[in-house]
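Next come the chains, spelled out residue by residue.
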Amino acid sequence: MSIKIGVVMDPLSSINIKKDSSFAMMLAAQKLGWEIHTIYQSDLYTDNEKARAHSRITRVEDNPEHWFDFISQQDIDLSALDVILMRKDPPFDIEYIASTYILQLAEQLGTLIVNRPASLRDNNEKMFITQFPQCCTPFMVSRSKSRLRDFVIQRFQQEQQDVILKPLDGMGGASIYRVNPQDPNLSVILETVSEEETRMVMAQQFIPEISQGDKRVLLIDGEAVPYALARVPASGETRGNLAAGGTGIGVELSERDQWICQQVGPALKQQGILFAGIDIIGDYLTEINITSPTCIRELDQIYSLDIAGDLMRCIEQHLK
């Protein structure tokens, strides 16, 4: 059948096609002969109970000099699309939440949304790991500076380890702090990251194996791709995020990695999360990314994979 696919994403003109996973998905859809509709967050709206958007029928090309053309533009009912990929990058703010409500209207009329709007709202990417404590290093979520300070002291006393502090709505390694009780800036860091106790913060015991990389493992319908991209921090850095200067190295999944995927995969599948990226440092799960997971292009290049193609074929099965 001829499939119409919408992609809600950041502006095509702003992406780096060498690393952009949404672009990889568009290339894969085009290869299968699907009609691609590019939609920006500002294009979404409702007309009474109908979910609609300004759409651009798009042709893509793996060419860094000229990677897309808009063939035509139109106003469409979103339920006319067979599938919509929600690939808008965070921040996960009220605008993002409103977008998921609009997409849910289309979902109720039969359009497949990847990932499901309700699941995107229900599962904060930092908090999601709290459903899998057996996979995690010790952690705490709080906005209380005193509780967070006590956690930092406890982890140092019991394990001689530092603690990582990060806001629940961050991405790309932004606003991540590594602290210990002897840090003279601990008080101001707690004030800053919690915005004076008005914002929830996740505290996790520091994992020294970050020096070997923060592994991004991709899962399609709950099943793991057999390779991960280990994002190794730059010299003097704690963060492995590529956006923070990390270097990506391909690695095979270890037995522990596979076990973690087996713990997380069924929950993803049950909630209609067809595409996710989990982060593993050493032996521990640290995040579950479901908004706009990346690293498709890097893994495809290293291992000659077709991850986006596998995702499109999975979507095709769900449409039957």
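Below: a short report on this structure. (Residues numbered from 1 in each chain as written. Predicted model: local features only at pLDDT ≥ 70, side-chain atom pairs only at ≥ 80, totals over all residues. Heavy atoms only, no water.)

Our focus in this paragraph is the overall build of the protein chain. Counting secondary structure elements, the protein chain contains eight helices and 16 strands. Relative to its length of 320 residues, the protein chain is compact, with a C-alpha radius of gyration of 20 Å against a globular reference of 20 Å. Its C-alpha atoms give the protein chain principal-axis dimensions of roughly 60 × 45 × 40 Å. Taking all 320 residues of the protein chain together, 53% fall into the buried category. By sequence separation, contacts in the protein chain at least 24 residues apart represent 68% of the contacts at least 6 residues apart. On the protein chain, roughly 14,300 Å² of surface is accessible, and the fraction owed to carbon and sulfur atoms is 46%. (Helix = DSSP H or I, 4+ residues; strand = E, 2+ residues; numbered from the N terminus. Rg over C-alpha atoms; globule rule 2.2 N^0.38 Å. Buried < 20%, exposed > 50% of the residue type's maximum accessible area, 1.4 Å probe, protein only. Contact = heavy atoms within 4.5 Å. Areas by Shrake-Rupley, 256 points an atom, 1.4 Å probe, with all protein chains shown as cover.)

Counted under the stated rule, the structure contains zero disulfides. Of all cysteine sulfurs, the one in cysteine 135 lies closest to cysteine 136, which takes part in no disulfide; the gap is 6.0 Å. Owing to a relative accessible area of 11%, cysteine 136 belongs among the buried residues under this scheme. Unpaired in this structure, cysteine 261 has its nearest cysteine sulfur neighbour in cysteine 135, at a distance of 9.2 Å. Overall, cysteine 261 belongs to the buried group, its relative accessible area being 5%. (Disulfide = S-S within 2.5 Å.)

With that out of the way, let us pick up the sheet that holds strand 12 (residues 214–220). Across the sheet, five strands lie side by side as 14-13-12-15-16; this open sheet has antiparallel pairing. The open sheet has two edge strands with one neighbour each: strand 14 (247–252) and strand 16 (284–289). On average, adjacent strands in this sheet sit at an angle of 30 degrees to one another, irrespective of strand direction. Judged from the six bridges that link them, strand 12 and strand 13 (residues 223–232) form a sheet pairing that is antiparallel. When the bridges of strand 13 are listed, isoleucine 220 appears paired with glutamate 223. (Pairing = 2+ DSSP bridges. Axes fitted to C-alpha atoms, helices over the stretch in contact; angles between N-to-C directions.)

With that settled, the discussion passes to the pattern of salt bridges. Summed over all chains, the structure comprises 20 salt bridges. Notably, a salt bridge pairs lysine 269 with aspartate 221, separated by 3.0 Å at the nearest N-O pair. Here lysine 269, found in helix 6 (residues 255–270), pairs with aspartate 221, found in the loop between strand 12 and strand 13; they are 48 residues apart in sequence, far enough to count as distant. Note that aspartate 279 and arginine 231 form a salt bridge whose closest N and O atoms lie 2.9 Å from each other. In this pair, aspartate 279 sits in strand 15 (residues 275–281) while arginine 231 sits in strand 13, placing the two residues 48 residues apart along the sequence. Here aspartate 279 matches arginine 231 in class, with each residue buried. One connected set of salt bridges, linked through shared partners, spans Asp214, Arg216, Arg231 and Asp279. (Salt bridge = Lys/Arg side-chain N within 4 Å of Asp/Glu carboxyl O.)

In this section: the environment of leucine 32. Tracing the chain through its elements places leucine 32 in the loop between helix 1 (21–31) and strand 2 (35–39). What makes leucine 32 partly exposed here is its relative accessible area of 36%.

Next up on the list: the packing of helix 4 (residues 145–159) against helix 5 (residues 186–193). Running from N to C, helix 4 and helix 5 cross one another at 130 degrees; their axes reach a closest spacing of 10 Å. In this view, helix 4 runs oblique relative to helix 5, as classed from their interaxial angle. Crossing of helix 4 against helix 5: the hand is right-handed. Two secondary-structure elements touch here, helix 4 through Lys145, Leu148, Arg149 and Val152 and helix 5 through Leu186, Ser187, Leu190 and Glu191. Class assignment for the residues of the contact of helix 4 with helix 5 results in four nonpolar, one polar and three charged. (Parallel < 35°, antiparallel > 145°, perpendicular 65-115°, else oblique. Left-handed = near helix turned anticlockwise from the far one by under 90°. Nonpolar A, V, L, I, M, F, W, Y, C, P; charged D, E, K, R; others polar.)

What follows covers helix 4. Its 15 residues give helix 4 an end-to-end C-alpha distance of 21 Å, which sits within 8% of 21 Å, the value for a rise of 1.5 Å per residue. Tucked into the core, helix 4 has its buried residues touching strand 8 (139–142), strand 9 (163–167), strand 10 (177–179), helix 5 and strand 11 (201–205). (Expected span 1.5 Å × (residues − 1).)

Hairpin connection between strand 12 and strand 13: a loop of two residues separates the two successive antiparallel strands, and aspartate 221 in this loop has a positive phi of roughly 50 degrees. Bridge count between strand 13 and strand 14: six bridges; the pairing is antiparallel. Across the sheet, alanine 230 pairs through a bridge with isoleucine 249, a residue of strand 14.

Moving on to the sheet that holds strand 11. Through backbone hydrogen bonds, the strands of a sheet pair up, either in parallel or in antiparallel fashion. The strand order 8-11-9-10 describes an open sheet built from four strands, whose pairing is antiparallel. Looking along the sheet, the strands with just one partner apiece sit at the ends: strand 8 and strand 10. Within the sheet, the average angular offset between the axes of one strand and its neighbour, ignoring direction, is 20 degrees. Taken together, the five bridges between strand 9 and strand 11 define a ladder with antiparallel strand orientation. What sits directly across from leucine 165, in strand 11, is alanine 203. Contacting strand 8, strand 9, strand 10 and strand 11, helix 4 crosses the sheet at an angle of about 5 degrees to strand 11.

Coordinates in, geometry out; function isn't part of it.
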